[in-house]
Protein chains: 2
Amino acid sequence: MANTSSTHDVKVLGAWPSPFVIRARIALNIKSVEYEFLAETPGSKSQLLLQSNPVHKKIPVLIHRGKPIAESLVIVQYIDEVWSSGPSILPSDPYDRAIARFWAAYVDDKFFPSLRPIKSAQGEEKAALVKQVNEGLVLLEEAFQKSSKGKAFFGGDRIGYLDVAFGSMLGWLRATEKMGEVKLLDEAKTPGLVQWAESFCADGAVKGLIPDTEKIVEFAKLIAARMKGSGSS
Amino acid sequence: MANTSSTHDVKVLGAWPSPFVIRARIALNIKSVEYEFLAETPGSKSQLLLQSNPVHKKIPVLIHRGKPIAESLVIVQYIDEVWSSGPSILPSDPYDRAIARFWAAYVDDKFFPSLRPIKSAQGEEKAALVKQVNEGLVLLEEAFQKSSKGKAFFGGDRIGYLDVAFGSMLGWLRATEKMGEVKLLDEAKTPGLVQWAESFCADGAVKGLIPDTEKIVEFAKLIAARMKGSGSS
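Residues numbered from 1 in each chain as written. Chains lettered and ligands numbered in written order. Predicted model: local features only at pLDDT ≥ 70, side-chain atom pairs only at ≥ 80, totals over all residues. Heavy atoms only, no water.

Points about the side chain of R101 of chain A
Part 1 of the argument: On the secondary structure map, R101 of chain A appears in helix α4 (residues 94-115).
Part 2 of the argument: Residues contacting R101 of chain A, with those up to four places away along its chain left out, are Q77, L90 and Y161 of chain A together with V74, Q77, E81 and R101 of chain B. (Helix = DSSP H or I, 4+ residues; strand = E, 2+ residues; numbered from the N terminus. Contact = heavy atoms within 4.5 Å.)

This is the structure:
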């Protein structure tokens, strides 16, 4: 199916800084599916986005043959199922799939919500968030050691579902280290993840999608300034 | 595989009031898998639970051949994939699967978090929560009309993934109506869901699992009294 899809068939509504958008794009790259990237302007929502995801009004949205699909992990699974002739994204064994889904949910429900506010947090609040993220990274290191079985990725020899789910956060992880002046990924505590992060960003399906740390820092400052200006916090 | 599994192979760690536990049990019933139900005592956590789900320490946990799986939607998908000879829980079409996954995530991320606090909320806060839940029910009514295509369930002729994800909440929905003195499921605004709720609770795989409204009300009062006593809110 991959080879018969024209660019016109597949659209991604997104924005470069969003880790959730990056997931959809990596998944399409894994399957060698060409797509049109429709960039949303930060701070505004296109008519197409509002129509395509009326419930959450959020990116990413994948539009395949005119049908919209929202929620990044739903999109990644859809891509895996539709372009099933390409390399599998989810593990083939049901138990391994369950474990990958468990940790992907952990990344969304626990890890990222703690990571996100570190850059602007102070004092005790910041210390508590950093502690949570560090504990999360130790758990993910253990999960990596178990899942990868000595290979480069959570998915083994090639990047899979949890690699995509967690790896999409690496740009923000590094930018948070810089902005928050904290060490998160650490050679001593999470040696497997340090190595994995390098392999992940160098992978052919990922290259060019994880934004440079400096670029994210600049973007985050811009957003913070805009929110301050508008009275939001 | 269903017929070769002994009760000993499959255990569910749970508690009768939890909608998330109910999901796992319905899924096993759909596949005609016998299982041992290990009831956790509310307010305490067994050693087996702490060992089986060290990350979240929450029910449900499915233990299959000694291997634990946590997170209710992950469990339901695992059950669907392992006992694949039984009736399918997820739709067979990838787009329909994506839509079912989207709404199941909606139920967990938006619907239930608004429903849960209504019973003890007051004034404006309560009005806002009821409004959110009612808006959610209208969205789910639309999703039902589209997915069911005139049949009894979101999954068509038989209960499927979204039926399980959303239907598991029906006991708490009714108990919330009673405790909060509000009307949520409504013949005028959500006629499809009213009919669906009846069909769902009468289904062979569900019968006996959705607790009576009175029983939940009693349980909720007990928990509220206990939390008040311990100084929590």
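A closer look at the relation of the copies chain B and chain A
Part 1 of the argument: Of the two same-sequence chains, chain B is brought onto chain A (RMSD 0.0 Å, axial shift 0.0 Å) by a rotation of 180°. The superposition operator between the copies reduces to a two-fold rotation axis. Rotation axis and chain B: the residue whose C-alpha lies nearest the axis is D109 of chain B, separated from it by 4.8 Å.
Part 2 of the argument: Looking at chain B, 100% of its interface residues are interface residues in chain A too, so the copies touch through the same face. (Least-squares fit on C-alpha atoms with pLDDT ≥ 70 in both.)

Quick look at the environment of I69 of chain A
Part 1 of the argument: Inspection of the secondary structure assignment puts I69 of chain A in strand β4 (residues 67-70).
Part 2 of the argument: When residues no more than four places from it in sequence are discounted, the contact partners of I69 of chain A are P60, V61, L62, V74, I75 and Y78 of chain A together with Y95 and A98 of chain B.

Description of the nonpolar core
Part 1 of the argument: In this structure, I26, F166, W196 and F200 of chain A are the most contacted members of the largest nonpolar core, which totals 79 residues.
Part 2 of the argument: Here this core takes nine residues from α4 of chain A, the largest share from any one element.
Part 3 of the argument: If near-sequence neighbours (up to four positions away) are discounted, F200 of chain A is found in contact with I26, F153, I159, D163, V164, G167, S168, L170, V206 and I210 of chain A.
Part 4 of the argument: Counting 77 residues, the second largest nonpolar core, distinct from the first, contains I63 of chain A together with L73, L137 and A197 of chain B. (Core = buried A, V, L, I, M, F, W, Y, C linked by side-chain atoms within 4.5 Å. Buried < 20%, exposed > 50% of the residue type's maximum accessible area, 1.4 Å probe, protein only.)

Some words on the UniProt feature "domain: GST C-terminal" (unreviewed entry) in chain A
Part 1 of the argument: The UniProt feature table records "domain: GST C-terminal" (unreviewed entry) at residues 93-219 of chain A.
Part 2 of the argument: Between the first and last C-alpha atoms of residues 93-219 of chain A the distance is 40 Å; the span itself is 67% helix and 0% strand. (UniProt positions renumbered as here; feature names shortened; annotations may be inferred.)

Things to note about the sheet that holds strand β3 (residues 61-64) of chain A
All names here are of chain A.
Part 1 of the argument: Taken in spatial order, the four strands make up an open sheet running β2-β1-β3-β4, and their pairing is mixed. Both edges of this open sheet fall to β2 (36-39) and β4, since each of them pairs with a single strand only. Across this sheet, the average inter-strand angle for adjacent strands is 20°, counted without regard to direction.
Part 2 of the argument: Where β3 meets β4, four bridges bridge the pair, whose relative direction is antiparallel. (Pairing = 2+ DSSP bridges. Axes fitted to C-alpha atoms, helices over the stretch in contact; angles between N-to-C directions.)

A few points about the pattern of salt bridges
All names here are of chain A.
Part 1 of the argument: Summed over the entire model, instances satisfying the criterion amount to 15 salt bridges over all chains.
Part 2 of the argument: Here K131 and E135 are joined by a salt bridge, their closest N and O atoms 3.1 Å apart. With K131 and E135 both in helix α5 (residues 123-148) and four residues apart, the pair spans about one turn of that helix.
Part 3 of the argument: On the basis of relative accessibility, which here comes to 42%, the residue E135 falls in the partly exposed class.
Part 4 of the argument: Among the salt bridges present, the one from D157 reaches K151, with a minimum N-O distance of 3.6 Å.
Part 5 of the argument: For D157, a relative accessible area of 61% gives the class exposed.
Part 6 of the argument: You can call K151 partly exposed: its relative accessible area is 41%. (Salt bridge = Lys/Arg side-chain N within 4 Å of Asp/Glu carboxyl O.)

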